[in-house]
Each structure stands twice: as C-alpha cells, then as structure tokens.
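# Report on the structure
In case you want the letters, here they are:
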Amino acid sequence: MASVTSATSAAAGELTAELRGFREVQRLAYDCAEAVAAQLKPGVTERAAARMQREWLRERGVRDWFHLPFAWFGDRTAFVNFRVPLQFFPTNRELEPGMAFILDMAPVHNGFTADIGYSGCLGLNPVHDRLLADLEAHRELILREVRERRPLREIYEDVDRLMVRQGYANRHRAYPFGVIAHKIDRVKQRRWSPTLFGFGTESLKGLASDALHGHRDGWSPLWSPYTFSDHPPQPGLWAVEPHLGFRGTGAKFEEILVVTDSKDPQESAFWLDDDLPHVRRWQEEKAA
C-alpha cells in the first residue's frame, strides 16, 4: 500500500488514481447492498439474500472476494449466542416484517478490495433507527482519535466506553479476535480465484503477509482489544466496522478509512467516501 500512503498527501477530495479504484469498488458494493435491500420481502432467507449479493456483483464483473457475502436477520444482527465462526455463515432464517437485517460483502474488482456492511430493516423498527443514528458518533470518534495517532487499542476502548454511555453492547467483539477493523490492500487478479471458508485465498495471503511484516515491525493488520493492537494507526487502508447491539437488534456500518503518513492532521486520516447510505441518512436527518 506504499503507493497509496506515500502519494496521498491530499485530503479526500483529491484522491489518487489508486484510491479512486478502492472508492469505486466500495461504491459498487454499497450499490449492491441497496439494490438487494430493495428486493427483500417477508420469507426471504439469509442464504437467498447472500446469493442475491453474489449474483448482482458477478453480473458486474466481480470474480474474487476478500470474503463472500453474508446476511444476518433478526437477533442474528446482534450475534445473539454466537460462539463459533460457522455461526456467521448465512442460514435459513426468514425475514419478517419489522425485522432488522445486515448485508455484508467484500468484493475484489480490478484488483481493488472493499469490505462493507449495510444495516436496514423491513418496515418500521424504532430500535434499529436509534442504533443507526447513534453510530454517527462512533464514526466521528474513530476519525478524530486516529488523527491524534492514539494507539488502536485505546481507540477501541474509547469506542467501547461510548457504546456503554449510549446503552448498547459491543457486538464487533464477537468477530474473530474481537476486531473492529482490519487492513485491506490490492489483490492480484487471477483467472481462477478460489475461496477457503468463505474467504478469497489471495486476500488471505495478503493479510497473512501483513501480519508477518507487522509482527516483525511491531504492528498488526487486525484492530482488536488485545495487546498486539497496542500501537499507533499504521498507514494504509482499514475496513472499519463498529457494531452496536441492543436487546436482540444489531446495526453497524463498514467502510474504508485511509491512514497516511502526513503530518497534517486533516490529511493524516480520512474516510475514503462520504457519499454512502448511512452518511446520507445522517445528513438528511439533520436537514429535516
């Protein structure tokens, strides 16, 4: 990712060609999420929703994945009673009126990677609406503290404290290693792109390489509550996903945060794109 971090001394409005590639695939993924969400209706299963995401993206040229699409409905949006990784995979849970859902996908397109999470609900759900609104404060906190070069572990703890003040439970802690974010990078395009346990093998190789180099240099590509994340933000691209839970309902966003080696605080970190569904929703609510 050196070409991104070293060439990115400008704020988000002046993206390099490489960053534009990441933004395009992230927008493609969010377009997919909105298109699939618009088709969801009572009786659709998580497996069907995941398949709809795969088919939509494959029709638009996606042939590789950081991970295959997920879909979670109802209390599974809050990872209720999740104990083992297999429980994250889509099930035959059917969507019902008023039920919250999360669509999560990580396509690779033209060698660029995105990993996004889209929260919605089928009809009215005031709890879900409140969760989604309260996520805005987490997006602001994370950016501010990354710009301050606070250790990732401390930022994680501050996110936890904010959730407690809001009255919510931390549900990203249920992910493997409890991560709130992970690094992403370019992926070599292959004619054949196999997956392993739902993850693209080329992407896994890249993450493993980052982990090896990071261990040697004192940083980790996983942003977790553990000591291996007790270091300042590493330049590169991070897929960040704060995930709130309340009484069997969960909501999150996931999007790319750019961290650079610039000394200018405004340019040292920025969200890759502010034209995303959850950001537009917050802007519309303020305008109203």
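Attention here is on the structure that accompanies the text. Predicted, not measured: the structure shown is a model, and the values here were computed from it. In this numbering scheme, every chain counts its residues from 1 along its sequence in written order. Only residues with pLDDT of 70 or above have their local features reported here, since the model is predicted, and side-chain atom pairs are shown and tallied only from 80 upward, although totals for entire chains, interfaces and linings are computed over all residues. The basis for every side-chain value is the complete set of non-hydrogen atoms in the structure, without hydrogens or water.

A word on the packing of helix α2 (residues 17–39) against helix α3 (residues 46–58). The interhelical angle for the contact between α2 and α3, taken along N-to-C directions, is 135°, at an axis separation of 10 Å. By the criterion of interaxial angle, the relationship of α2 to α3 is oblique. The interaxial crossing formed by α2 with α3 has right-handed handedness. Residues Leu28, Asp31, Cys32, Ala35, Val36 and Gln39 of α2 form the contact with α3, whose own contacting residues are Ala49, Met52, Gln53, Trp56 and Leu57. Across the contact of α2 with α3, the residue classes break down as eight nonpolar, two polar and one charged. As a rule, the C-alpha atoms of each element are fitted with a line to give its axis, helices using only the stretch in contact, and angles between N-to-C directions run from 0 to 180 degrees. A run of DSSP states H or I qualifies as a helix once it reaches four residues; a run of E qualifies as a strand once it reaches two. Both are numbered from the N-terminal end. Any angle from 65 to 115 degrees is called roughly perpendicular, while one under 35 is roughly parallel, one over 145 is roughly antiparallel, and all others are oblique. Crossing handedness: left-handed means the near helix sits turned counterclockwise from the far one by under a right angle, and right-handed means the same turn made clockwise. Should any heavy atoms of two residues lie within 4.5 Å, those residues are counted as being in contact. Charged residues are taken to be Asp, Glu, Lys and Arg, nonpolar residues to be Ala, Val, Leu, Ile, Met, Phe, Trp, Tyr, Cys and Pro, and polar residues to be all remaining types, Gly included.

One side-chain nitrogen of Lys or Arg within 4 Å of one carboxyl oxygen of Asp or Glu is enough to make a salt bridge. Tallying each qualifying case throughout the model produces 23 salt bridges. Through salt bridges that share partners, Glu145, Glu148, Arg150, Glu154, Asp158 and Arg161 make up one connected network.

Cavities and pockets were defined on a 1 Å grid built from protein atoms only: a cavity is a group of points that admits a 1.4 Å probe but offers it no way out, a pocket is an open group of points flanked by protein on both sides within 12 Å along at least five of seven lines, and a lining residue is one with an atom within 4 Å of any such point. Grid points are joined across faces, edges and corners, and a volume is the space filled by probe spheres set on the points. Looking at the second largest pocket, its volume works out to about 270 Å³. As for the second largest pocket, its lining consists of 20 residues, of which Tyr118, Ser119, Gly120, Leu132 and Arg281 are closest to the centre. Where the lining of the second largest pocket is concerned, the elements lending two or more residues are α2, β4 (116–121), α4 (126–147) and α8 (277–287). At five residues, β4 tops the list of elements feeding residues into the lining of the second largest pocket. Broken down by class, the residue content of the lining of the second largest pocket amounts to ten nonpolar, seven polar and three charged.

All right, on to unusual backbone geometry then. A positive phi is found at Phe79, a non-glycine position, where the angle reads about 55°. Considering the arrangement of structural elements, one finds Phe79 in the loop between β1 (64–73) and β2 (100–109). The phi dihedral of Asn81 falls on the positive side, at around 65°, and the residue is not glycine. Looking at where Asn81 falls in the secondary structure, it is placed in the loop between β1 and β2. On the basis of relative accessibility, which here comes to 52%, the residue Asn81 falls in the exposed class. Residue exposure (1.4 Å probe, protein chains only): buried if accessible area is under 20% of the type maximum, exposed if over 50%, otherwise partly exposed.

Once that is clear, we can look at the packing of aromatic side chains. Geometry of an aromatic ring pair is reported as the spacing of the ring centres plus the angle between the planes. Ring pairs are drawn from Phe, Tyr and Trp, using the six-membered ring of Trp, whenever the two centres fall within 6.5 Å, and their geometry is named by plane angle: stacked under 30 degrees, edge-to-face over 60, tilted for the rest. Taken as a whole and judged by the stated rule, the model has 15 aromatic pairs. A centroid spacing of 6.1 Å and a plane angle of 85° characterise the contact between Trp223 and Trp238, whose relative ring orientation is edge-to-face. Of the two residues, Trp223 is situated in strand β9 (residues 222–223) and Trp238 in strand β10 (residues 236–240); the sequence distance between them amounts to 15 residues. On the accessibility criterion, Trp223 (2% relative accessible area) is buried. Members of the aromatic cluster, each reached through a chain of ring pairs, are Phe70, Trp72, Phe79, Phe82, Phe88, Phe89 and Tyr175. Working rule: Lys NZ or Arg CZ, within 6 Å of ring centre, within 35 degrees of ring normal, means a charge sits over the ring. The lysine or arginine in question, Arg60, covers the ring of Trp56, its NZ or CZ lying 3.7 Å from the ring centre. The ring centre of Phe112 lies 4.0 Å from the NZ or CZ of Arg186, which sits over that ring.

Turning our eyes to something else, we now look at the side chain of Gln26. Checked against the element boundaries, Gln26 lands in helix α2. Of the residues examined, Gln26 reaches a relative accessible area of 0% and is grouped as buried. Here a polar contact is recorded for every N or O atom pair within 3.5 Å, except that within protein the pair must consist of a potential hydrogen donor and a potential acceptor, and residues adjacent in sequence are included only if both atoms are side-chain atoms. A distance of 2.8 Å separates a polar side-chain atom of Gln26 from the backbone nitrogen of Ile256.

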